[in-house]
Amino acid sequence: MTRVEDIVDIVSPRSTVWKVLVDPSFLPKLYPDVISVETSPPGMLKVGTKARILAKLGKVKVEAHVEVTRADDEVCFATRQSPGGLFSTFQQTVLLHADAMDTKVKVVFEYTLLGDYAATITQAEFLDSRTADNLRWYTRNLKEICELLPLPS
Amino acid sequence: MPRVQATFLVEARPEAVWSVLTNPNFIPKLYPDILNAVASPPGAAVVGQWRTMSGRLGQRLFEFRTKVEELVPMKRFVIGGRRGGAFESFRQVMELTSVKEGTMVSGLFEFTVSQDYFGPQFDITLLNQAASLNEENYMMNLKELAELHDPGSG
């Protein structure tokens, strides 16, 4: 199992971070290689929402399926893999803690690639490293998006 | 009025190009500086569908509003601007032609950036350059996404 963990201070209120976290339309910008996301039911992510995530690796499409398992308002957000796609196991946990006007965010991903599926795409080590890179970028991009200031000023 | 125009070959069937072009879920990957897109009604493009997008310009968050004006399946896709947001006027015309090697795509973007929206701290020339760069990238990314194939089929 591969584990990716990050803790970041976001200069933005917890409500802003939460809005980005639970809005699936931001996912293609949070993960560099994700190209589209379809959710069922549509709308904001909540417990039970299933997401079909389409990503690219070189010239190949890669699918991942996840389900939201926790969405405690502005405190904790978690997903895990659902059957099909890239992962045999996948778990994402995001914890939010208000720190004055900022938000401290802890993000943990734990996953195992599904060997048979991965073998149809590329070498397993490369795919694992690329997946881990995407998960690291998630936290950096979350910070960047949440810290943008609205226009018009 | 600034315009960006290109004609390019996509090595994929028109159906593959069309499915990327008309699915609002792909918009944030087509335009580098668009962060998300919300379509109303949700789902694939229909004439009259509104798209509301947020984008970034440096450290600032802006809004970009469009609507689907014309759809001729596998042939022609036209988007127009809506009041408010980053553009005073916006028009995008994408035309597809099936060819032996795949799909020939012609794209045209015409726009006027809203200086009122951005305010005097933003230089209009830089805003025009940023918009043009996004539109040029849109076409390159459309080609890249439409040419993706399923695992084991390449």
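First things first, this report covers the structure right here in the doc. (Residues numbered from 1 in each chain as written. Chains lettered and ligands numbered in written order. Predicted model: local features only at pLDDT ≥ 70, side-chain atom pairs only at ≥ 80, totals over all residues.)

1. Description of the overall build of chain A
Phase 1 of the analysis: If you tally the helices and strands in chain A, you get 4 helices and 8 strands.
Phase 2 of the analysis: For chain A, the N- to C-terminal ordering of α and β elements is β-α-α-β-β-β-β-β-β-α-α-β.
Phase 3 of the analysis: Relative to the 2.2 N^0.38 estimate, which gives 15 Å for 153 residues, the radius of gyration of chain A is 15 Å and therefore close to what a compact globule would have.
Phase 4 of the analysis: With the principal axes as the frame, chain A shows a C-alpha extent of 50 × 30 × 30 Å.
Phase 5 of the analysis: Out of the 153 residues belonging to chain A, those deemed buried represent 36%.
Phase 6 of the analysis: Of all intrachain contacts in chain A linking residues separated by at least 6 positions in sequence, the fraction that spans at least 24 positions is 47%. (Helix = DSSP H or I, 4+ residues; strand = E, 2+ residues; numbered from the N terminus. Rg over C-alpha atoms; globule rule 2.2 N^0.38 Å. Buried ≥ 20, exposed ≤ 12 C-beta atoms within 10 Å, placed from the backbone. Contact = placed C-beta atoms within 7 Å.)

2. So, the overall build of chain B
Phase 1 of the analysis: Of regular secondary structure, chain B possesses 4 helices and 7 strands.
Phase 2 of the analysis: The C-alpha radius of gyration computed for chain B amounts to 15 Å, which stays within 12% of the reference 15 Å derived for 154 residues, consistent with globular compactness.
Phase 3 of the analysis: Taken along its principal axes, the extent of the C-alpha atoms in chain B is 50 × 30 × 30 Å.
Phase 4 of the analysis: For chain B, buried positions account for 34% of its 154 residues.
Phase 5 of the analysis: The contacts in chain B between residues at least 6 apart in sequence include a share of 48% that link residues at least 24 apart.

3. Topic: the packing of helix α1 (residues 14–21) of chain A against helix α4 (residues 124–146) of chain A
All names here are of chain A.
Phase 1 of the analysis: In contact at an axis separation of 10 Å, α1 and α4 are set at 125° when each is read in the N-to-C sense. Taken together, the axes of α1 and α4 lie oblique to each other. You can see that α1 and α4 cross each other, and the crossing is right-handed. Within the contact between the two elements, α1 uses T16, V17 and V20 and α4 uses L142, I145 and C146. (Axes fitted to C-alpha atoms, helices over the stretch in contact; angles between N-to-C directions. Parallel < 35°, antiparallel > 145°, perpendicular 65-115°, else oblique. Left-handed = near helix turned anticlockwise from the far one by under 90°.)

4. A word on the interface of chain B and chain A
Phase 1 of the analysis: The interface of chain B with chain A comprises 26 residues on the first partner and 23 residues on the second.
Phase 2 of the analysis: Considering each element in turn, the side of chain B that touches chain A owes the most residues, 4 residues, to strand β2 (residues 34–40) of chain B.
Phase 3 of the analysis: Direction of pairing for strand β8 (residues 149–150) of chain A relative to strand β4 (residues 60–72) of chain B: parallel, over a ladder of 2 bridges. Its bridge partner being in β4 of chain B, P150 of chain A is matched across the sheet by L61 of chain B. (Pairing = 2+ DSSP bridges.)

5. Here's the deal with α4 of chain A
Phase 1 of the analysis: Here α4 of chain A contains 23 residues, and its C-alpha end-to-end distance of 33 Å stays within 8% of the 33 Å for a straight helix at 1.5 Å per residue.
Phase 2 of the analysis: Every buried residue of α4 of chain A is accounted for by T131, L135, Y138, T139, L142, I145 and C146 of chain A.
Phase 3 of the analysis: On the buried face of α4 of chain A, the contacting elements are β1 (2–10), α1, α2 (27–30) and β7 (102–113) of chain A together with β2 of chain B. (Expected span 1.5 Å × (residues − 1).)

6. Some words on unusual backbone geometry
Backbone geometry follows two general trends: most residues other than glycine have a negative phi, and most peptide bonds adopt the trans configuration.
Phase 1 of the analysis: Backbone torsion omega between S40 of chain A and P41 of chain A reads -5°, so that peptide bond is classified as cis.
Phase 2 of the analysis: Among the structural elements, P41 of chain A can be located in the loop between β2 (34–40) and β3 (50–57).
Phase 3 of the analysis: Between S40 of chain B and the following residue, P41 of chain B, the backbone shows a cis peptide bond with an omega angle of 0°.
Phase 4 of the analysis: Inspection of the secondary structure assignment puts P41 of chain B in the loop between β2 and β3 (50–57).
Phase 5 of the analysis: Notably, E74 of chain A is not glycine yet its phi reads approximately 60°, a positive angle.
Phase 6 of the analysis: By the secondary structure assignment, E74 of chain A is in the loop between β4 (60–72) and β5 (76–85).
Phase 7 of the analysis: On the basis of neighbour counts, which here come to 19 C-beta atoms within 10 Å, the residue E74 of chain A falls in the partly exposed class.
Phase 8 of the analysis: Phi is positive for M74 of chain B, which is not a glycine, with a value near 65°.
Phase 9 of the analysis: Among the secondary structure elements, M74 of chain B is positioned in the loop between β4 and β5 (76–81).

7. Section: helix α4 (residues 124–146) of chain B
Phase 1 of the analysis: Across its 23 residues, α4 of chain B extends 33 Å between first and last C-alpha, which sits within 8% of the 33 Å expected from 1.5 Å per residue.
Phase 2 of the analysis: Of the positions making up α4 of chain B, those classed as buried are L127, A131, E135, Y138, M139, L142, L145 and A146 of chain B.
Phase 3 of the analysis: At its buried positions, α4 of chain B is contacted by β2 of chain A together with β1 (3–10), α1 (14–21), α2 (27–30), β7 (102–113) and α3 (115–118) of chain B.

8. Re the nonpolar core
Phase 1 of the analysis: The biggest cluster of nonpolar side chains holds 76 residues, and the ones touching the most others in it are V17 and I53 of chain A together with V17 and L142 of chain B.
Phase 2 of the analysis: Looking at which element gives the most residues to this core, the answer is α4 of chain B, with 7 residues.
Phase 3 of the analysis: When neighbours within four sequence positions are excluded, V17 of chain A is seen to be in contact with I10, S12, L96, T103, V105 and C146 of chain A. (Core = buried A, V, L, I, M, F, W, Y, C linked by C-beta atoms within 7 Å.)

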